[in-house]
Amino acid sequence: MSLVQPRTLPGALELLPREQIAFQRLLDTIRATYERFGFLPVETPVMELAEVLLTKEGGETERQVYFAQSTGDREAGRAPELALRFDLTVPLARYVAQYEHQLAFPFRRYQIQRVYRGERAQRGRFREFYQCDIDIVGKDALPVRYDAELPAVIHHLFTGLGFAGFRIEINNRKLLRGFLAALGIEDGERQKLVLREVDKLDKRGADWLRETLAGQFGVDAPTVDRLLAFVGSRSESYGHAGELLDGLAAAHDHPLLQQGVAELREVLARLADFGVPDSHVRLNFAIARGLDYYTGTVYETVLTDHPEIGSVCSGGRYEDLASHYTKSRLPGVGLSIGATRLFWQLRELGLFRDSESTVQVLIALLDEAQLPEALRLATALREAGINVEAQLEPGKLKNQLKYADRAGIRFVAIPGPDELARGVVAVKDLARQSQFEVAPAELARALEVEIAQARVMPPAGGDAG
RNA sequence: GUGGAUGUAGCUCAGUGGUAGAGCACUGGAUUGUGGCUCCAGGUGUCGCGGGUUCGAUCCCCGUCUUCCACCCCA
């Protein structure tokens, strides 16, 4: 019989246990931070009815959607009526519209789940990946100040994760569109196309953008110059950002641009109030983001020590989230971390090492005779809230230590015959290469102290995240 | 979906028209109860798959699949 090669589909990320633990820690931190800021948990099904998921956002999105159907439907030749979600925002829209009368507004929800995209897998680009979304959805209206809260959450989160250098970049699509209109590029479709290219500025450079705008779009040279000067500017501080916005407002009397300027001023002011230092924030007028539903503020976050990673989380403001599902007006602002990509890329850069095991103590077993005592010890430790793995088969101590070392288990309790004869148990700390002995009755207490210390003072190196 | 590359041991890769090698990893031992270091020993391959040229192909040619990169789009 020929064997089937065991493999996953391209674009799926599977981890070994110690990597999985590290990833889980990342998700735990994200979840805890979201809850700290008052967001409520929501989960939605992986599959949605296709007609719900594919409202009519249309073309590009639909090409990336996986469809699903029952065997019966497939055999009957019917079109699939189910589809896998490709983000968490569309399901949120459906959710909010569906439960509108049972939810309190502004509705603050977080959602950490996997999404699916049928695109060609590439480095750091997955077909199945985690998104960690936070959104605030208002009823009828949602003041711009909320647009400042989401970056504040990210600032708090990334600081907590120990990412030293990161920067939240902010822009506003009203400002962008107003500016283009002021330059004479007034057609909405044309604006979209121009912004799509502008968005690539940081990746491909000013010369490339100049050529594209002049060549492909036939924009005249003076206009290209003004456009490049604008989208190329970056703020260096809150004060400098204010000056840039003042200059724009004074130079262009377009209403949409004025509105964009006003919104950005408000967002920056509130960010300062949230305690986000301006070393971690800047205006970047080249950020345009997703073409369709963003209408105002847009964000991206980059790790400044590793700009090559690109954006690790992004989002923005949408004026009418659920218009396909309800006549109610539900404006919102949201932001999403691509946790799978973030983890994968940090790991590639060596910034994430394998975590210690979730197993805190391994109880070694040298001879069959000590099995009952080993199991009694394990039970006592578990009752004290310690994660314990007991060796159920006797073996060489060397191999058991090697096993603990590889598995990332820091402490090994050794109730050997010599120790038990003297009324003690040996405890070895593999990280510190030290060893001590305690009475069996004191083992749990002693390990609690050791584990607490290990938590405060991890072995040299520690985790980046 | 479009275009360009790639494929040799578990991993990273050398190599040659006469059917293959290194490092790492792995296993055992040095050490009869103490991991990471060191030393010694050991095994591993349909050279991606199918066809063609050739006395002979892992090497040359064609096809195919895979993975990677770029585009598109995005976390």
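Residues numbered from 1 in each chain as written. Chains lettered and ligands numbered in written order. Predicted model: local features only at pLDDT ≥ 70, side-chain atom pairs only at ≥ 80, totals over all residues. Heavy atoms only, no water.

## Notes on the protein's contact with RNA strand B
Residues in contact with RNA strand B amount to 41 residues; listed here are only the nearest, Arg117, Arg123, Arg289, Asp418 and Leu430. Within 4 Å of the protein, atoms of RNA strand B come from sugar and phosphate in 50% of cases. Take Lys396: an N or O atom from its side chain is 3.1 Å from a phosphate oxygen of RNA strand B. Gln435 is positioned with one of its side-chain polar atoms (N or O) 3.0 Å from a base oxygen of RNA strand B. Secondary structure elements with two or more residues in the surface near RNA strand B: β6 (128-137), α9 (201-204), α16 (397-407) and α17 (417-421). Examining the composition of the surface near RNA strand B, we find that 6 residues originate from one element, α16, more than from any other. Along the lines of polarity and charge, the residues of the surface near RNA strand B split into 11 nonpolar, 10 polar and 20 charged. (Near = heavy atom within 4 Å. Polar contact = N/O pair within 3.5 Å; in protein donor to acceptor, adjacent residues only side chain to side chain. Helix = DSSP H or I, 4+ residues; strand = E, 2+ residues; numbered from the N terminus. Nonpolar A, V, L, I, M, F, W, Y, C, P; charged D, E, K, R; others polar.)

## What about the packing of aromatic side chains?
Throughout the structure, instances matching the rule amount to 10 aromatic pairs. Ring plane angle 65° and centroid distance 5.2 Å describe the contact between Phe23 and Phe343, whose orientation is recorded as edge-to-face. Of this pair, Phe23 sits in helix α1 (residues 17-36) while Phe343 is found in helix α14 (residues 339-348), placing the two residues 320 residues apart along the sequence. One exposure class covers both Phe23 and Phe343, and it is buried. By way of ring pairs, the aromatic residues Phe23, Tyr130 and Phe343 are connected into one cluster. The aromatic ring of Phe39 is capped on one face by Arg108, whose charged end is 4.5 Å from the ring centroid. (Phe/Tyr/Trp six-rings, centres within 6.5 Å; stacked < 30°, edge-to-face > 60°. Buried < 20%, exposed > 50% of the residue type's maximum accessible area, 1.4 Å probe, protein only. Lys NZ or Arg CZ within 6 Å of the ring centre and 35° of its normal.)

## A few points about the environment of Ala50
You can see Ala50 is positioned in helix α2 (residues 50-53). Accessibility expressed as a relative area gives 11% for Ala50, which makes it buried. Those residues in contact with Ala50 that sit more than four places away from it in its chain are Phe67, Pro80, Glu81, Leu82 and Ala83. (Contact = heavy atoms within 4.5 Å.)

## Description of the nonpolar core
One finds Tyr34, Phe158, Leu175, Leu271 and Ile337 to be the most contacted residues of the largest nonpolar core, which totals 81 residues. The element contributing the most residues to this core is helix α6 (residues 146-161), with 8 residues. Ignoring sequence-local partners within four residues, the contact set of Ile337 consists of Ile30, Tyr34, Tyr130, Gln131, Cys132, Ile154, Leu157, Phe158, Val312, Cys313 and Leu342. In terms of nonpolar packing, the next biggest core, distinct from the first, is built from 22 residues, Val361, Leu447, Ile451 and Ala454 among them. (Core = buried A, V, L, I, M, F, W, Y, C linked by side-chain atoms within 4.5 Å.)

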